[in-house]
Amino acid sequence: MDDKPATARKVIFLLACLALLLGLAACGGGEEGGDGGGPTPGAGTATPGAGTATPSGGTVEITMWHMEVAANLNAIQDLVRRYNNSQSEVKVKLAFQGNAEEEMAKLIASLGGGDLPAIVYLNEENAQRLIDSGAATPVQEFIDREDYDLSDFAPKVVQYYTVDGKLWAMPFASNVPLLYYNKVTFREVGLDPEKPPKDIDELRQASEKMVKRDSHGNLTRTGLAINLTAWHLSTTLQEHGDPYVNNDNGRAGRATEALFNGPTGQAYFQWWRDMVKQDLALNVGLDPTGADTYLPVGAGRVAMTTGDSVALRSVVDALEGGLAQVDVELGVANRPGVPGGTGLPGIYGRALWIFESRPEEEQEAAWKFIKWLLEPEQQAEWYAGSGFLPVNSKAFELPAAKEIEAKYPQFKIAAELYRAASVSPAPPGPLLGPQFDVSQIIRRAIEEMLVGDKDPIDAINDAAKDANEIITDYNRRVQ
């Protein structure tokens, strides 16, 4: 029987989801205008660093590099537009630089003599490398000068970017890893949708119940979608309270040795390989946009996926827009870890870095804008519009935060996990100069065990050996 209509519906569904989740129309260009609107005609992503320092009393124009798409892009554009319209001292231009890896690659290239912007918005894993570069002006200098109060900020988030008592970047966007799951499928297979898996053993048991095959034995549904990224290993170690590198995760001294291949890391790699090879998990590949891990839930190909709160607003918008092929009742929970873990997620996020190569007027303008972004009202708006959790705890008390949690209870679950984790005694994530390179090594190891047939224990142990060589070489160059 010809199934062209069904195929067409699938294509339309995928295209619609991609358009929403990735914000293709919004981020097709490079530089967004100073009003926070769409791409400026003729602007590119390679040279958006320059701002304009004007004489005293005039407007100072600054550029901020970023990586946001979909609902998160709309939220940050709205904030920039509102800031620019609220005063005349500073005009902020957003410049999209691609995904996190692409943005960091452009920044590394610019550190070698290119044109840097006043502000770069980056993932936490790049902290040590930027500190070592000497290119950033520590925000501690601005804090000390005016006795800026950080007492309302999440302690662990501030701790992440604090080295030797100095805060280097201002945390702006926090997030926690989450399990996203379809409660409808849970009920269908006899599982309690209010009791999602707490660890990877329970996740495997749930996946086993969700497997469906057609009359020819072809897999039509399985339990979990998972993308091919080293981040999954990092989040597993964080949840278990295990170090990624030595010296207290690089906090008590410069990291010199990888520890991610300990018992927890090995158990997770073995589980991961077994899940994929036994058709209990769908490997969606590299997934550079981050969308491919969510799409199979809406298509009915899986019932669960692992992601984080960063995507929360985009996901609920997609579902509310009717873009799912199957009935989806969204549930979220702490991302399951290796048995014996803490039950609390690690905290991840993105911070705002100020670069000293910009004129003093631009650095001062950048600080003014950053302070405004960290005020409770803006933090609550950012939370409601994206799924990033507020760094400023007072934001949770404001109407925008309360309304989004009432409308979408998934936000409240993420917030409760975040607040519990932000005051837990577990140390923050690793501080490692060549983190970007080490992540690439781990990703290759994952490919070798999932796409190839390499033993998972050999894969992670070999990755640790290669990482140690990279760490040693990096430390030799910067010390």
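Scope of this entry: the structure provided in the associated data block. (Residues numbered from 1 in each chain as written. Predicted model: local features only at pLDDT ≥ 70, side-chain atom pairs only at ≥ 80, totals over all residues. Heavy atoms only, no water.)

The subject of this paragraph is the side chain of Arg 221. Residue position: Arg 221 is located in strand 10 (residues 219-226). Of the polar contacts made by the side chain of Arg 221, one reaches the backbone oxygen of Met 210; its length is 2.8 Å. Not counting the four nearest positions on each side in its chain, Arg 221 is found in contact with Thr 185, Glu 188, Val 189, Met 210, Val 211, Lys 212, Gly 300, Arg 301 and Val 302. (Helix = DSSP H or I, 4+ residues; strand = E, 2+ residues; numbered from the N terminus. Polar contact = N/O pair within 3.5 Å; in protein donor to acceptor, adjacent residues only side chain to side chain. Contact = heavy atoms within 4.5 Å.)

Of all hydrophobic cores here, the largest spans 89 residues; its most connected members are Met 170, Phe 172 and Trp 353. Ignoring anything within four residues of it in the chain, the contact list for Met 170 reads Val 139, Ile 143, Tyr 148, Leu 150, Phe 153, Ala 351, Leu 352, Trp 367, Ile 370 and Leu 374. Judged by nonpolar contacts, the second largest core, of 45 residues, contains Val 189, Leu 237, Ala 303 and Ala 445. (Core = buried A, V, L, I, M, F, W, Y, C linked by side-chain atoms within 4.5 Å. Buried < 20%, exposed > 50% of the residue type's maximum accessible area, 1.4 Å probe, protein only.)

Turning next to the environment of Arg 82. With respect to the helices, strands and loops of the structure, Arg 82 is situated in helix 2 (residues 70-86). In this structure the C-alpha to C-alpha distance between Arg 82 and Gln 378, which are 296 residues apart in sequence, comes to 9.8 Å. Residue contacts for Arg 82: discarding those within four places in its chain leaves Trp 372, Glu 377, Gln 378 and Glu 381. In terms of polar contacts, Arg 82 uses its side chain to reach the side chain of Gln 378, at 3.1 Å. At 2.5 Å, the side chain of Arg 82 and the side chain of Glu 381 are in polar contact.

Taken together, the side chains of Glu 141, Asp 144, Asp 147, Asp 149 and Glu 356 present a region of like negative charge at the surface. Position of Glu 141 relative to the elements: it lies in helix 5 (residues 139-146). (Patch = residues over 30% accessible without salt bridge, like charges linked within 9 Å, V, L, I, M, F, W, Y side chains within 5 Å. Areas by Shrake-Rupley, 256 points an atom, 1.4 Å probe, with all protein chains shown as cover. Salt bridge = Lys/Arg side-chain N within 4 Å of Asp/Glu carboxyl O. Lys, Arg positive; Asp, Glu negative; His and termini not counted. Charge placed at Lys NZ, Arg CZ, Asp CG, Glu CD.)

Turning our eyes to something else, we now look at the pairing of strand 2 (residues 90-96). Strand 2 sits mainly inside the fold: five of its seven residues count as buried. Each parallel crossover has a hand, and for strand 1 (residues 60-66) linked through helix 2 to strand 2 it is right-handed. (Right-handed = clockwise from strand over helix to strand, strands pointing away.)

This part takes up the packing of aromatic side chains. For the structure shown, the criterion picks out 22 aromatic pairs. Residues Phe 396 and Tyr 418 carry aromatic rings whose centres are separated by 6.4 Å and whose planes lie at 50 degrees to one another, so their mutual orientation is tilted. One end of the pair, Phe 396, is in the loop between helix 15 (376-386) and helix 16 (399-407); the other, Tyr 418, is in helix 17 (residues 409-422), with 22 residues separating them in the sequence. Note on accessibility: Phe 396 and Tyr 418 belong to one class, buried. Clustering of aromatic rings is evident, with ring pairs tying together Tyr 383, Phe 396, Tyr 408, Phe 411 and Tyr 418. Sitting over the ring of Tyr 160, Arg 251 keeps its end group 4.6 Å from the ring centre. The ring of Phe 396 carries Arg 419 above its face, with NZ or CZ at 4.3 Å from the centroid. (Phe/Tyr/Trp six-rings, centres within 6.5 Å; stacked < 30°, edge-to-face > 60°. Lys NZ or Arg CZ within 6 Å of the ring centre and 35° of its normal.)

We now examine the packing of helix 15 against helix 16. Running from amino to carboxyl end, helix 15 crosses helix 16 at an angle of 20 degrees, the nearest separation of the two axes being 8 Å. The orientation of helix 15 with respect to helix 16, classified from their angle, is roughly parallel. Crossing of helix 15 against helix 16: the hand is left-handed. Judged by residue contacts, Ala 380, Glu 381, Tyr 383 and Ala 384 of helix 15 engage Ala 400, Ala 401, Ile 404 and Glu 405 from helix 16. (Axes fitted to C-alpha atoms, helices over the stretch in contact; angles between N-to-C directions. Parallel < 35°, antiparallel > 145°, perpendicular 65-115°, else oblique. Left-handed = near helix turned anticlockwise from the far one by under 90°.)

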